[in-house]
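# A look at the structure
Okay, here's what each chain looks like letter by letter:
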Amino acid sequence: MDTIIFDLDGTLLNTLDDLMDSVNFMLAGRGYAQRSYDEIRQFVGNGVRKLVERALPDGHKDETDAALAEFSAHYDKNKNNKTAPYAGIPEMLSAVKAAGFKTAIVSNKYERAVKELADTLFFGCIDVAVGERTGVAPKPAPDGVFAALDVLGARCADAVYIGDSDVDVATAKNAGLKMIGVTWGFRDRALLEQCGADRIIDSPADVLTAVRSFG
């Protein structure tokens, strides 16, 4: 194994507070009730469009396009107010790079935000950042993984995918990659086990050991 591909939200970064603030800004502007932290936690994982659609009240899903524009305009300016790496992530990424691994992020967040957050928070530890963009189907489709591997000059057989959700497990399977599930993110161990993660870890300090366990 020479390549590690990471999910972003719930794996490297805790982004829920900023996502919740932007969702609730959009909802307040439309006169709708606010969403709780736990609701936002369940809504994320399939991209910001699906997040906005899920957050809108029943009977108002036809407002998704306009609501998404309002959410995105707010999130663009506020995406790094409260967002931060989980404890141990910076140290883990430094160790991964020191060990010689190629690294990438593949996220369902729109690509501009993915690249800006990676550049701002990970200080050169991520080689490639791929987000939602035209021509690349969102996860669990494998398109983003394949795009990252192509830029890195890496093979599926030599890459591991690390994420926190059922969407990430499905993405890895669809791309033909081994998958490591993490329990510090937006989903729990039971779901990762049910979905068939190859390994499950509880701390960023366990990443290198888990990756090397694949041989």
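Small disclaimer: the values here were computed from a predicted structure and weren't measured. (Residues numbered from 1 in each chain as written. Predicted model: local features only at pLDDT ≥ 70, side-chain atom pairs only at ≥ 80, totals over all residues. Heavy atoms only, no water.)

## Thoughts on the overall build of the chain
Counting its regular elements, the chain contains ten helices and eight strands. Computed over the C-alpha atoms, the radius of gyration of the chain is 17 Å, within 12% of the 17 Å expected from 2.2 N^0.38 for a compact globule of 215 residues. Expressed as lengths along the three principal axes of its C-alpha atoms, the size of the chain is roughly 55 × 35 × 35 Å. Looking at the 215 residues of the chain, the share that counts as buried comes to 51%. For the chain, the proportion of contacts with a sequence separation of at least 24, taken over those separated by at least 6, is 63%. Put simply, the chain shows about 9100 Å² of open surface, and 50% of that area lies on carbon and sulfur atoms. (Helix = DSSP H or I, 4+ residues; strand = E, 2+ residues; numbered from the N terminus. Rg over C-alpha atoms; globule rule 2.2 N^0.38 Å. Buried < 20%, exposed > 50% of the residue type's maximum accessible area, 1.4 Å probe, protein only. Contact = heavy atoms within 4.5 Å. Areas by Shrake-Rupley, 256 points an atom, 1.4 Å probe, with all protein chains shown as cover.)

## Some thoughts on unusual backbone geometry
Pro 140 follows Lys 139 through a cis peptide bond whose omega is 15°. Here Pro 140 is to be found in the loop between strand S5 (128–132) and helix H7 (143–152). The phi torsion at Phe 123 lies on the positive side, around 50°, for a residue other than glycine. Checked against the element boundaries, Phe 123 lands in the loop between helix H6 (111–121) and S5.

## Here's the deal with the pairing of strand S4 (residues 102–110)
Buried residues dominate S4, accounting for eight of its nine residues. Across four bridges, S4 lies against S5 in parallel orientation. Bridge assignment links Ile 105 to a residue of S5, and that residue is Ala 129. (Pairing = 2+ DSSP bridges.)

## Topic: helix H5 (residues 89–98)
Residues that lie three or four places apart on an α-helix share one face, since the helix turns once every 3.6 residues. When we look at burial in H5, the residues that qualify are Ile 89, Met 92, Leu 93 and Val 96. One side of H5 holds all its buried residues, which, seen down the axis, span an arc of 95°. In this structure, H5 carries Glu 91 and Ala 98 as exposed residues pointing more than 90 degrees from its buried face. In this structure, the buried side of H5 is in contact with strand S1 (3–6), strand S3 (84–85), S4 and helix H10 (207–212). At the exit of H5 stands Gly 100, carrying a positive phi of roughly 95°. (Arc of directions from axis to C-beta.)

## Considerations on the side chain of Asp 168
As for its placement among the helices and strands, Asp 168 is situated in helix H8 (residues 166–175). Within polar-contact distance, the side chain of Asp 168 engages the side chain of Lys 139 at 3.0 Å. Only 3.0 Å separates the side chain of Asp 168 from the backbone nitrogen of Asp 164, close enough to count as a polar contact. Filtering out sequence-adjacent residues up to four positions away, Asp 168 remains in contact with Asp 7, Lys 139, Tyr 161, Gly 163 and Met 179. (Polar contact = N/O pair within 3.5 Å; in protein donor to acceptor, adjacent residues only side chain to side chain.)

## Points about the sheet that holds strand S7 (residues 178–182)
Ordered in space as S5-S4-S1-S6-S7-S8, the six strands form an open sheet in which the pairing is parallel. The outermost strands of the open sheet, each flanked by one partner alone, are S5 and strand S8 (199–201). Taking each pair of neighbouring strands and ignoring which way they run, the sheet shows an average axis angle of 20°. Contacts between H6 and the sheet are confined to S4 and S5, with S4 contributing the most and set at about 135° to the helix. (Axes fitted to C-alpha atoms, helices over the stretch in contact; angles between N-to-C directions.)

## Here we look at the pairing of S5
Among the five residues that make up S5, four are buried, leaving the element largely enclosed by the rest of the structure. Handedness of the β-α-β unit built from S4, H6 and S5 comes out right-handed. (Right-handed = clockwise from strand over helix to strand, strands pointing away.)

## What about the packing of aromatic side chains?
Using the criterion set out here, one finds two aromatic pairs in the structure. Taking 5.5 Å as the distance between ring centres and 10° as the angle between the ring planes, the aromatic pair formed by Phe 71 and Tyr 75 counts as stacked. One end of the pair, Phe 71, and the other, Tyr 75, are both in helix H4 (residues 64–78), four residues apart, so they sit about a helical turn from each other. The two residues Phe 71 and Tyr 75 agree in class, both being buried. Where Tyr 75 meets Tyr 110, the ring centres are 6.4 Å apart and the plane angle is 75°; that geometry is what we call edge-to-face. In this pair, Tyr 75 is assigned in helix H4 and Tyr 110 in strand S4, connecting sequence segments 35 residues apart. Residue Tyr 75 is classed as buried on the basis of its relative accessible area, which comes to 0%. Three or more aromatic residues joined by ring pairs form one cluster here, namely Phe 71, Tyr 75 and Tyr 110. (Phe/Tyr/Trp six-rings, centres within 6.5 Å; stacked < 30°, edge-to-face > 60°.)

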